[in-house]
Amino acid sequence: GCLVPAGSSVGVAVSGGSDSMALLMLAAAYRDAAGVSLRAITIDHGLRPEAKDESRLVGRFCETLGVQHDVVRWERVATNALSQPVSQEEARRARHALLAGWARRLGVAQIALGHTRDDRLETFLMRARQGSGWHGLAGPMPNSVSPVWPEGRLMPLIRPLLAFGRDELREELTSRGVGWVDDPSNDATRFERVRMRKLLAKCWHRRNHWM
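By the element assignment, D70 lies in strand β3 (residues 68-73). Here the side chain of D70 touches R39 through a polar contact of 2.6 Å, side chain to side chain. Every residue in contact with D70, bar those within four places of it in the chain, is listed here: R39, A40, I41, T42, W102 and L106.

The following block contains the structure:
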């Protein structure tokens, strides 16, 4: 459902993490086979000093793949909120707004995101705990539109990696000698998604132990 016809333009959101680096690598292979136009973008939220080095890592990888790479920085509005910690939801909304704006400026028809099977399971657990209905429990879909309005109005999003697990993608990256960065916030248990991720890891460990 995520395949795009020849001649289409696709923007790949790449943070430098393993999921998005794998997406970029596979998208470049698909570009060569299908004749699509490919461009990459990294959003710098301006929250961590390491972000510039991570952007440069992505840029170097893009050079090896022959992919144009842009870095867009999130400039937060100067309000009293600047003194408050940034929530994951606030950063997510800003990221989607910047992605959509970038795509429209450059004529990019759709944006590819590196969500995996793990993200789908984490979302399922989070929404089930919140009492979500069946539609919400489905989690990220292969094809959707940007969740922000009006900036992201009708901007198509595709998620080609939902059938793959994070460990599978990391094995493929390692086999090809491609590195990635680990965002420390992925281990911060103050975030519900991180807690769900750790819970799933325990479940898989126990399952494999008893098999």
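From this point, things continue past the structure.
Side chains bearing opposite charge may pair, as long as their charged atoms lie close to each other. Going through the model one piece at a time under the given rule, you end up with 13 salt bridges. R39 serves as the salt-bridge partner of D70, at 2.6 Å between the closest nitrogen and oxygen. One end of the pair, D70, is in strand β3; the other, R39, is in strand β2 (residues 37-44), with 31 residues separating them in the sequence. Each of D19, D119 and R166 takes part in one network of salt bridges that share partners.

Let us look at the sheet that holds strand β5 (residues 143-145). Read across the sheet, six strands follow the order β3-β2-β1-β4-β6-β5 without closing on themselves; strand pairing throughout is mixed. Two strands bound the open sheet, and with one partner strand each, they are β3 and β5. When the angles between neighbouring strand axes are averaged without regard to direction, this sheet yields 30°. Of the pairings in the sheet, the one linking β2 to β3 comprises six bridges and is parallel in character. Residue pairing for β3: D44 is matched across the bridge by R73. Lying over the sheet, helix α2 (residues 51-65) contacts β2 and β3, oriented at roughly 165° with respect to β3.

Another aspect to go through is the packing of helix α1 (residues 18-34) against helix α6 (residues 166-175). Between α1 and α6, the least distance of the axes is 9 Å, while the angle of their chain directions is 60°. Classified by the angle their axes make, α1 and α6 are oblique. As for the relative orientation of α1 and α6, their crossing is left-handed in sense. Counted together, S18, D19, M21, A22 and M25 of α1 and R166, L169, R170, E172 and L173 of α6 form the full contact between these two elements. Taken together, the residues of the contact of α1 with α6 sort by class into five nonpolar, one polar and four charged.

Moving on, we come to unusual backbone geometry. Following W149, the chain continues into P150 via a peptide bond in cis, with omega recorded as 5°. Within the element layout of this structure, P150 appears in the loop between β5 and β6 (156-158). Backbone geometry places L154, a non-glycine residue, at a positive phi of 60°. Examined against the element boundaries, L154 turns out to sit in the loop between β5 and β6.

About the cut-offs
- Residues numbered from 1 in each chain as written.
- Predicted model: local features only at pLDDT ≥ 70, side-chain atom pairs only at ≥ 80, totals over all residues.
- Heavy atoms only, no water.
- Helix = DSSP H or I, 4+ residues; strand = E, 2+ residues; numbered from the N terminus.
- Polar contact = N/O pair within 3.5 Å; in protein donor to acceptor, adjacent residues only side chain to side chain.
- Contact = heavy atoms within 4.5 Å.
- Salt bridge = Lys/Arg side-chain N within 4 Å of Asp/Glu carboxyl O.
- Pairing = 2+ DSSP bridges.
- Axes fitted to C-alpha atoms, helices over the stretch in contact; angles between N-to-C directions.
- Parallel < 35°, antiparallel > 145°, perpendicular 65-115°, else oblique.
- Left-handed = near helix turned anticlockwise from the far one by under 90°.
- Nonpolar A, V, L, I, M, F, W, Y, C, P; charged D, E, K, R; others polar.

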